[in-house]
Amino acid sequence: MSVPVSGARAACLQVGYARDVSPAALLSDDTLAVFGFGDGAPALDDPRYLRVPLQPFCADGVAPFEVWRANAGVRHGRDGAIRWSTDGALLFGAIEIQEGDDGIEGAARRVYEALVAFTRGSSLPHLLRVWNYLDAITLGDGDAERYRAFCVGRARGLGDFDAHALPAATAIGRCDDARTIQVYWLAARVPGTAVENPRQVSAYRYPRQYGLQSPSFARAMLPPPGSAMPLLLSGTASVVGHASQHAGELLAQLDETFANFDSLLASARRYAPTLPAAFGAGTRLKVYVRDRDDLPLVAEALVRRFGDDVPRLLLHAVICRRELAVEIDGVHG
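Residues numbered from 1 in each chain as written. Predicted model: local features only at pLDDT ≥ 70, side-chain atom pairs only at ≥ 80, totals over all residues. Heavy atoms only, no water.

Chemist: What is the right way to look at the pattern of salt bridges in this model?
Modeler: Note on pairing: side chains with opposite charge can pair once their charged atoms come close. Applying the stated criterion to the full structure yields 19 salt bridges. One connected set of salt bridges, linked through shared partners, spans D141, D143, E145, R148, R208 and R322. (Salt bridge = Lys/Arg side-chain N within 4 Å of Asp/Glu carboxyl O.)

Listed below in structure tokens is the structure:
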């Protein structure tokens, strides 16, 4: 596989939410990717456009599109099952694979084998951020749970890897009963800097009680040096150390999640002192909520916390631990 690269340039990424437009109107010379959410997202035959199978919660009934803008001169195409786009400094890729007789473990292995082969065969081999969406994520008990099997397949697909160079990531359950795994990612010509949270055990060091294979991701990723990019935040929930906190207490989980973000931002600021110490206008959040009836409660809590200062998108999705009601990821700069 060969992704065309037009000269060395610094990585540039702006993430925004756009309303009252068509996805086609958002696809310009500097558009790296556009995401539509839920059943109402329109179809569009462009490799840079991806429909994400998570239903949005919008008080006004208008679901926004998420837009990634990079340097001008974005090129795009398809390579087998993979759709891609690049501006020469950053690479967006996406793949969807149906589960077969090998189950979610086999599907995850196949997805990540394809992802690794594609990125390593390009001039942009350094993974910064990955999103994973799979059905029935907490179905099964013990090591037979689907999320645990996914973690095994992901690790096998990654092959030999340095745990300290793992990308930031999210793994979330879709709610549409479609046994299709959707994975999309952001990679770069130059590696970023992984950031861990001192309040939490690194996910790749989780003890055996969480499965045969620890989750393979960093808590956040700082962009490559010299980039005009935000901090990339992994899916974050009410976990301290490695243990879930506040089971059955939705708002307490939300507060604990933001305490984790405060700690994570402080950790990132040791490497990047100019990074804002708190969420604000340069932040974009995706908020995943397990129970549909909890969506308006979380929306109200976020209004009380941020008002209109922090753009955000709420999505109905299943968290990878049954006792967790909410998870949040995003970007911050």
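Chemist: It is not clear to me how the sheet that holds strand β7 (residues 82-86) should be interpreted in this structure. Could you clarify?
Modeler: One key point about sheets: their strands pair by backbone hydrogen bonds, in either a parallel or an antiparallel sense. Judged by pairing direction, the sheet is mixed, and its 6 strands sit side by side in the order β6-β7-β8-β11-β9-β10 without closing on themselves. Each having just a single partner strand, β6 (75-79) and β10 (168-174) make up the two edges of the open sheet. Strand-to-strand twist in this sheet, taken as the mean axis angle between neighbours without regard to direction, amounts to 15 degrees. Helix α2 (residues 103-120) contacts β6, β7, β8 (90-98), β9 (126-135) and β11 (180-188) of the sheet and is inclined by roughly 25 degrees relative to β11. Sheet strands touched by helix α3 (residues 146-158): β9, β10 and β11. Its angle to β9, the strand with the most contacts, is close to 145 degrees. (Pairing = 2+ DSSP bridges. Helix = DSSP H or I, 4+ residues; strand = E, 2+ residues; numbered from the N terminus. Axes fitted to C-alpha atoms, helices over the stretch in contact; angles between N-to-C directions. Contact = heavy atoms within 4.5 Å.)

Chemist: Even after reading the chapter, I still don't get the pairing of β7, so can you show me in this structure?
Modeler: Strand residues, when the strand is regular, have side chains that alternate between the two faces of the sheet. With respect to burial, β7 is a largely interior element, 5 of its 5 residues being buried. Residues I82, W84 and T86 point to one face of β7 and R83 and S85 to the other, with burial holding for every one of them. As consecutive antiparallel partners, β6 and β7 are separated by 2 residues, and within that stretch G80 has a phi angle of approximately 65 degrees, a positive value. In terms of strand pairing, β7 meets β8 through 4 bridges, oriented antiparallel. Bridged to T86 within β8 is L91. (Buried < 20%, exposed > 50% of the residue type's maximum accessible area, 1.4 Å probe, protein only.)

Chemist: What exactly am I supposed to notice about the environment of M221 here?
Modeler: Take M221: it is sitting in strand β13 (residues 220-222). Relative accessible area serves as the criterion here: at 2%, M221 is assigned to the buried category. On a C-alpha basis, the gap between M221 and L128 in space is 6.4 Å, while along the polypeptide they are 93 residues apart. Excluding its chain neighbours within four sequence positions, the residues that come into contact with M221 are L127, L128, L166, P167, A168, G192, T193, A194, P230, L231 and L232.

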